[in-house]
Amino acid sequence: MKRTEADCIIIGAGPAGLKAGTILQSLGYKIFILEKEYQPGGKLLLWNTLFPHDESAMEILNPLLKDQKKNIMTSVQIETITKSPEEFTVADQNQTIYTSPALFISTGFKPFNAGRKEEYGYGIYDNVITSVELEDKLKNNNITMTNGKVPGKVAMIHCVGSRDIKVGNEYCSSVCCITGIKQAMELGKRIPGIQVSCLYMDLRLNGRFYEDNYKMAQMSHKIQFIRGRLSETNEDVDGSLVIRYEDTLAGKPAKMIVDMIVLLVGMQLDKSVSRICPLINEQTGTDGFFGTGKIDFSSNPQKDGLFFAGACTGPKNITESMNEASRVAFEVHHFLKNSLISEIHDRHDRFRLQNS
Amino acid sequence: MIGMTDFGFKIHKDQLLDQDRPNVAYKEMIEKVPSLSLCISCGSCTATCNSSEMTGMGFRKLHLYLKTGLYVNLKRGLKYCQYCGKCWLVCPRGVNTRKAIVEMKRIFEIYKT
Ligand SMILES: Cc1cc2nc3c(=O)[nH]c(=O)nc-3n(C[C@H](O)[C@H](O)[C@H](O)COP(=O)(O)OP(=O)(O)OC[C@H]3O[C@@H](n4cnc5c(N)ncnc54)[C@H](O)[C@@H]3O)c2cc1C
Ligand code: SF4
Ligand code: SF4
Ligand code: SF4
């Protein structure tokens, strides 16, 4: 059994965890970042380019990993998390024990399991894929259908597994509208003449520069935006896909034949840590993400040493995830500084008692 | 002198929705079926409706006609419903569509017994 002490343990090496790690390390703290995958980076490892500036995900990841490699432990399966009044104890599959007074949770999100919207045809028809799978195809520059051909007509379906009481996720995942636009433009750039239609209930493009992306999609790539929600997908004899929806602006039920459907899947909390630790589970909000999402006015916010940031506190883009991680890293700093001061006071008091 | 009627005004009834007119039927309906207030007009109900393909009708429009006071259109649309309940199955906002249809038929006295 190996035992290691640190000032702060960070669980999850996505953009949020890595950003917090960089800041805490620069402030002189000893940290560990525990990652369950064999590589650090979170979703940055999966995405090709990033909205809204079309940057490569790898170019964003590399500076985040700089100077941090020695702090990151990969392929860590956390088995238990316990807390004593002084510290958290985290144990992994190899019985390695990590202890620290502060615990930083940045476990991110899990994409919605599209198979649960059975009527959309995922897992039934070959050319119904998710936005996560499309990122992989874009990364490998291999946007083909199962018959090896390049699609000529694609439908992007918004709000899959979000804003849907029937699957139990009533919140908006906030990044899938802009992800759809990013991916539609990328298809437009790579496949000349491709026709991409986005089927939406509401377009939520509320981030900085998102509106520019929207206009570019309309102007440069002739992406069609249709206000309607998919009701069902069927396959034709020739393998093409028939979708049904209502064009609610035209006020008419409609059908469209496409080669490929991309389901813009929403976000769900990764429950791997809340499942094993009741203390963390208690912090789950009514929408299924961590924390309350309320403004915190207290000067010493997290007295218990437990901190959360990134997509695990609700759907966010990368900028928002990293911004929250920075803010919360400073709360950790505050917490550690205060506990250090009280420890010195305690020692001082004990010393005086012994000598009086 | 050229009058406004020369441009076709006054000949046709104006097409404005009068949102100041009290909508008693809608008020009664959202009391009876509170989930109706949650409709976001996504059209899933219409797309899945058995009779929409032929009639162009669907629950989304029924609700819209009710809300905007277009009762003549509403009454016509209500006739096509077969109570299959598919609209309820797909609604992302959990609107109790079948109950709403029954209540609308009651209010407009086209409920067959
Ligand atoms: C299809 C799609 C495309 C997107 N494209 C963009 C884009 O172009 N631009 C943009 O700004 N945003 C984009 N986003 C959003 C972006 O992915 C998130 O904002 C970002 O990943 C959140 O970072 P995070 O660090 O909080 O979580 P994550 O990236 O999810 O990282 C969490 C990390 O924690 C690890 N972890 C989880 N549980 C444990 C555990 N128990 N033990 C150890 N490790 C654990 C995970 O393995 C993972 O490495 C996209 C989202 C989707 C769905
Ligand atoms: S961001 Fe857009 S696609 Fe995603 S849940 Fe919200 S409205 Fe739907
Ligand atoms: S499916 Fe529900 S929310 Fe959508 S238009 Fe119909 S009743 Fe309204
Ligand atoms: S219950 Fe009526 S309105 Fe709803 S889907 Fe069936 S026929 Fe259409």
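For the structure, see preceding data.
Before going into details, it helps to say that this report is about the structure given with it. (Residues numbered from 1 in each chain as written. Chains lettered and ligands numbered in written order. Predicted model: local features only at pLDDT ≥ 70, side-chain atom pairs only at ≥ 80, totals over all residues. Heavy atoms only, no water.)

## Focus on empty space enclosed by the protein
Residues and elements named next belong to chain B. Applying the stated criterion across every chain yields a total of three cavities of 30 Å³ or more. Taken as a whole, the largest cavity encloses approximately 160 Å³ of empty space. Along the wall of the largest cavity there are 18 residues; nearest its centre are Cys49, Ser51, Cys81, Gln82 and Ile101. Secondary structure elements with two or more residues in the lining of the largest cavity: helix H4 (59-68), helix H6 (86-90) and helix H7 (97-107). Counted by class, the lining of the largest cavity contains ten nonpolar, six polar and two charged residues. In terms of lining residues, the second largest cavity is bounded by 14 residues, among which Cys39, Cys42, Cys45, Cys91 and Val95 are the most central. Tallied by class, residues from the lining of the second largest cavity come to eight nonpolar, four polar and two charged. (1 Å grid on protein atoms, 1.4 Å probe; cavity = no way out; pocket = protein on both sides within 12 Å on 5 of 7 lines; lining within 4 Å. Points joined across faces, edges and corners; volume = space filled by probe spheres on them. Helix = DSSP H or I, 4+ residues; strand = E, 2+ residues; numbered from the N terminus. Nonpolar A, V, L, I, M, F, W, Y, C, P; charged D, E, K, R; others polar.)

## Quick look at the site of ligand 1
Residue and element names in this part refer to chain A. Near ligand 1 you find 35 residues, and of these Glu35, Lys43, Lys182, Ser272 and Lys316 are the closest. Contact distances for ligand 1 include 3.5 Å between an oxygen atom and a backbone N or O atom of glycine 42. Considered class by class, the residues forming the shell around ligand 1 number 15 nonpolar, 13 polar and seven charged. (Near = heavy atom within 4 Å. Polar contact = N/O pair within 3.5 Å; in protein donor to acceptor, adjacent residues only side chain to side chain.)

## Digging into the pairing of strand E10 (residues 102-105) of chain A
All names here are of chain A. Where burial is concerned, the two faces of E10 agree: the one with Ala102 and Phe104 and the one with Leu103 and Ile105 are both buried. Two strands pair when backbone bridges link them, and strand E2 (residues 8-11) and E10 are joined in this way by four bridges, in the parallel orientation. In the sheet register, isoleucine 9 faces E10, and the bridge partner there is leucine 103. When E10 meets strand E21 (residues 306-308), the two strands line up parallel, connected through three bridges. Opposite isoleucine 105, over in E21, you have phenylalanine 308 as the bridge partner. (Buried < 20%, exposed > 50% of the residue type's maximum accessible area, 1.4 Å probe, protein only. Pairing = 2+ DSSP bridges.)

## Description of the packing of aromatic side chains
Counting across every chain of the model gives seven aromatic pairs over all chains. Positioned above the aromatic ring of phenylalanine 88 of chain A is the side chain of lysine 83 of chain A, whose terminal nitrogen or guanidinium carbon lies 5.0 Å from the ring centre. Looking at lysine 166 of chain A, its charged tip hangs above the ring of tryptophan 88 of chain B, at a distance of 4.7 Å from the centre. (Phe/Tyr/Trp six-rings, centres within 6.5 Å; stacked < 30°, edge-to-face > 60°. Lys NZ or Arg CZ within 6 Å of the ring centre and 35° of its normal.)

## Focus: the packing of helix H1 (residues 15-26) of chain A against helix H2 (residues 57-65) of chain A
Residues and elements named next belong to chain A. Orientation of H1 relative to H2, taken along the N-to-C sense of each, is 35 degrees, at an axis distance of 9 Å. Of the two possible hands of crossing, H1 and H2 adopt the one that is left-handed. For the pair formed by H1 and H2, the contact residues are Pro15, Leu18, Lys19 and Thr22 on the first element and Leu61, Leu64 and Leu65 on the second. Its residues assigned to classes, the contact of H1 with H2 shows five nonpolar, one polar and one charged. (Axes fitted to C-alpha atoms, helices over the stretch in contact; angles between N-to-C directions. Left-handed = near helix turned anticlockwise from the far one by under 90°. Contact = heavy atoms within 4.5 Å.)

## Some details on the interface of chain A and chain B
With 16 residues of chain A at the interface, the matching set in chain B holds 20 residues. Around 1500 Å² of area is buried between chain A and chain B when both sides are counted, 47% of it from carbon and sulfur atoms. When the area that chain A buries against chain B is broken down by residue, the three leading residues are Lys166, Arg229 and Glu246 of chain A, summing to 34%. Where chain A meets chain B, there are two salt bridges. The salt bridge partner of arginine 244 of chain A is glutamate 53 of chain B, with a shortest N-O separation of 3.4 Å. (Buried area = accessible area lost by both parts, 1.4 Å probe. Salt bridge = Lys/Arg side-chain N within 4 Å of Asp/Glu carboxyl O.)

## Details of helix H4 (residues 176-190) of chain A
The end-to-end C-alpha distance of H4 of chain A, which contains 15 residues, comes to 21 Å, matching closely the 21 Å that a straight helix rising 1.5 Å per residue would cover. Listed in full, the buried residues belonging to H4 of chain A are Cys176, Cys177, Ile178, Thr179, Gly180, Ile181, Lys182, Gln183, Ala184, Met185, Glu186 and Leu187 of chain A. (Expected span 1.5 Å × (residues − 1).)

## Remarks on the nonpolar core
Residue and element names in this part refer to chain A. If you look at the biggest cluster of nonpolar residues, it comprises 87 residues, and the most contacted ones within it are Ile81, Leu103, Phe104, Ile105, Leu187 and Ile280. Apart from the residues lying within four places of it in its own chain, the contact partners of isoleucine 280 are Ile81, Leu103, Ile105, Val273, Ser274, Phe290, Leu306 and Phe308. Residues Phe112, Ile243, Tyr245 and Val258 belong to the second largest nonpolar core, which totals 21 residues. (Core = buried A, V, L, I, M, F, W, Y, C linked by side-chain atoms within 4.5 Å.)

## Digging into the environment of glutamate 135 of chain A
Residues and elements named next belong to chain A. Position of glutamate 135 relative to the elements: it lies in helix H3 (residues 131-139). Classification of glutamate 135 as buried rests on a relative accessible area of 2%. Remark: the alpha-carbon pair of glutamate 135 and aspartate 54, spanning 81 residues in sequence, is separated by 13 Å. Each residue touching glutamate 135, except ones within four places of it in the same chain, is listed here: Leu46, Trp47, Asn48, Thr49, Lys182 and Gln183.

So far we have only geometry, and geometry alone does not tell us how the molecule works.
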